Amino acid sequence: MKKETILATVFGVLLGLIVALILIFFLRPSGKERIEETKSTLTPKVVKNNIVPLEIKEPSDRAISDKDTITISGTAKKGSLIIVESPISEEALTNKNDSFKLSFPLARGENLITIRVYVDKTQTIPQIKTLKVYYLNEE
Amino acid sequence: MKLKYILIYIFVFILLSSGIVIGQSTNSELEEIQNFKEKLASKVAELQKKEDKAISGFLILKKDKTLTIETTDNEQFSVELDDLLTKYFQVNVTALKEITLDDFEVDDYIIITGPISGKVITANNVYKDENFTSGSGIVSDTGQGDFVLNVVTLENETLTIDIETATKRKILNIKTLKLEDVGFSKIKTGDVLHFIYKKISNKDEKKYSATKILVIPQEYFSK
């Protein structure tokens, strides 16, 4: 092997070692700093959530009713437009509080009741809940 | 001799009185049993009612004493029928009409009540009804005077909604927020449309005849 080649190899290895030492001891954060960094990222931040999802308290889906009228109640964002529809009836109301309650008629058999909530006037996509309620009295 | 008569008298008296006592206790026991039976029957009926759930879907298979239904969410349930206990009805607006198992055909929309265990329902009652489905979207085209609305749904599907003479039409009055009747000509491209239609099988189509529509004018959203 030529003398120049050996020199170049040794010089290259030395240079690599120097770069590695600089990275390890000068540029890498110390153990303490790393622990502090980890601690700081673990601190949870409380984000205020203004989204009120549509929830139906009653009736439950697939409920069987003895009467031809039921009470629909639930929660939705205050001030939202609530539209309740079935093949035989429809109601529109503005939610004055966080909760709503209304009386709704049933037809004999299966009643598909769709509740749509438009939370604000900038969104044409509503929150939707669909219920099937059965009124199966013989008389 | 006197003693003999006295003894016979005492024996007959004891026999008769014990008979009365036995008879009385039997009657009261029977009454108690009857009451217990009635209470038990009412409790069973009450529990059965509590346990009864309803499920509905399209009839996809009818075989001997078992029906298979597919719900609108594409779940399949097996319906077990009993010759003596299961009753069959047709749902009419005014009342339920009793029918037989022979009146049911594939693609009928049926409601079953009874205890449900996993994917098996033990049917107490089976009802033949109609399926209604609802949807909503934005009107993309009001047709060329042929009473047809093209709607882009929330699932980004384009459906054609036929507006028939019998279709109930409602619109939201954006000032009063009350629902009012509306003519077809008032519906515009960009309005939000809620629609309800009858499905005759569990297959999805691209065109439906609306039973009912409800319009929310686009002006409500741009206010």
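Residues numbered from 1 in each chain as written. Chains lettered and ligands numbered in written order. Predicted model: local features only at pLDDT ≥ 70, side-chain atom pairs only at ≥ 80, totals over all residues.

1. Comments concerning the interface of chain B and chain A
Link 1 in the chain: The interface is formed by 31 residues belonging to chain B together with 24 residues belonging to chain A.
Link 2 in the chain: Of all the secondary-structure elements, those providing two or more residues to the side of chain B that touches chain A are β1 (53-63), β6 (109-114), β9 (125-129), β10 (131-141), β12 (158-172), β14 (192-199), β15 (207-216) and α2 (218-222) of chain B.
Link 3 in the chain: Each residue belonging to the side of chain B that touches chain A can be placed in one class, and the counts come to 18 nonpolar, six polar and seven charged. (Contact = placed C-beta atoms within 7 Å. Helix = DSSP H or I, 4+ residues; strand = E, 2+ residues; numbered from the N terminus. Nonpolar A, V, L, I, M, F, W, Y, C, P; charged D, E, K, R; others polar.)

2. Here we look at the environment of A:S86
Residue and element names in this part refer to chain A.
Link 1 in the chain: If you trace the backbone, S86 turns up in the loop between β4 (81-85) and β5 (90-94).
Link 2 in the chain: Its 22 C-beta neighbours within 10 Å are what place S86 among the buried residues.
Link 3 in the chain: Taking the C-alpha atoms as reference, S86 lies 9.7 Å from L131; in sequence the two are 45 residues apart.
Link 4 in the chain: Discounting residues that sit within four places of it in the chain, S86 has contacts with N111, L112 and I113. (Buried ≥ 20, exposed ≤ 12 C-beta atoms within 10 Å, placed from the backbone.)

3. Quick word on the sheet that holds β5(A)
Residues and elements named next belong to chain A.
Link 1 in the chain: Read from one edge of the open sheet, five strands run β2-β8-β7-β4-β5, paired in mixed fashion. Two strands in the sheet have a free side with no partner beyond their single neighbour: β2 (63-65) and β5. Within this sheet the neighbouring strands show an average axis-to-axis angle of 25°, counted without direction.
Link 2 in the chain: In this structure, strand β7 (residues 109-118) lies alongside strand β8 (residues 127-135), joined through nine bridges in antiparallel fashion. Within β8, the position partnered with T114 by the bridge is T130. (Pairing = 2+ DSSP bridges. Axes fitted to C-alpha atoms, helices over the stretch in contact; angles between N-to-C directions.)

4. Notes on the domain arrangement of chain B
All names here are of chain B.
Link 1 in the chain: The assigned domain composition of chain B is domain 1 (51-129) and domain 2 (131-222).
Link 2 in the chain: Summarising the inter-unit geometry, the C-alpha centres of domain 1 and domain 2 are found 31 Å apart.
Link 3 in the chain: Partitioning the side of domain 1 that touches domain 2 into residue classes produces two nonpolar, one polar and two charged. (Domains from an automatic or database assignment.)

5. Focus on unusual backbone geometry
Link 1 in the chain: Here A:E58 and A:P59 are connected by a cis peptide whose omega angle stands at 0°.
Link 2 in the chain: Structurally, A:P59 is set in the loop between β1 (55-58) and β2.
Link 3 in the chain: The backbone of B:D64 shows a phi angle near 45°, a positive value even though the residue is not glycine.
Link 4 in the chain: Among the structural elements, B:D64 can be located in the loop between β1 and β2 (66-70).
Link 5 in the chain: Of note, B:N74 is a non-glycine position whose phi angle comes to about 65°, a positive value.
Link 6 in the chain: With 8 C-beta atoms counted inside 10 Å, the residue B:N74 sits in the exposed group.

6. Overview of the sheet that holds β9(B)
All names here are of chain B.
Link 1 in the chain: Strand order in the open sheet formed by nine strands is β5-β4-β9-β6-β1-β2-β3-β8-β7, with mixed pairing between adjacent strands. Unpaired on one side and paired on the other, β5 (96-99) and β7 (116-117) mark the two borders of the sheet.
Link 2 in the chain: In this structure, strand β3 (residues 76-80) lies alongside strand β8 (residues 120-122), joined through three bridges in parallel fashion. By the bridge assignment for β8, S78 is matched with V120.

7. Some thoughts on the pairing of β12(B)
All names here are of chain B.
Link 1 in the chain: Pairing of strand β11 (residues 148-153) with β12 involves five bridges; the strand directions are antiparallel. For N150, the partnering residue across the bridge sits in β12 and is T160.
Link 2 in the chain: From the end of β11 to the start of β12, which pair antiparallel, there are four residues, and N156 there has a positive phi angle of about 65°.
Link 3 in the chain: Relative to strand β13 (residues 179-181), β12 is paired through three bridges, and the arrangement is antiparallel. If you follow L172 over to β13, its bridge partner there is L179.
Link 4 in the chain: Where β12 folds back on β13, the antiparallel hairpin that results is connected by six residues, among which L177 adopts a positive phi of roughly 55°.

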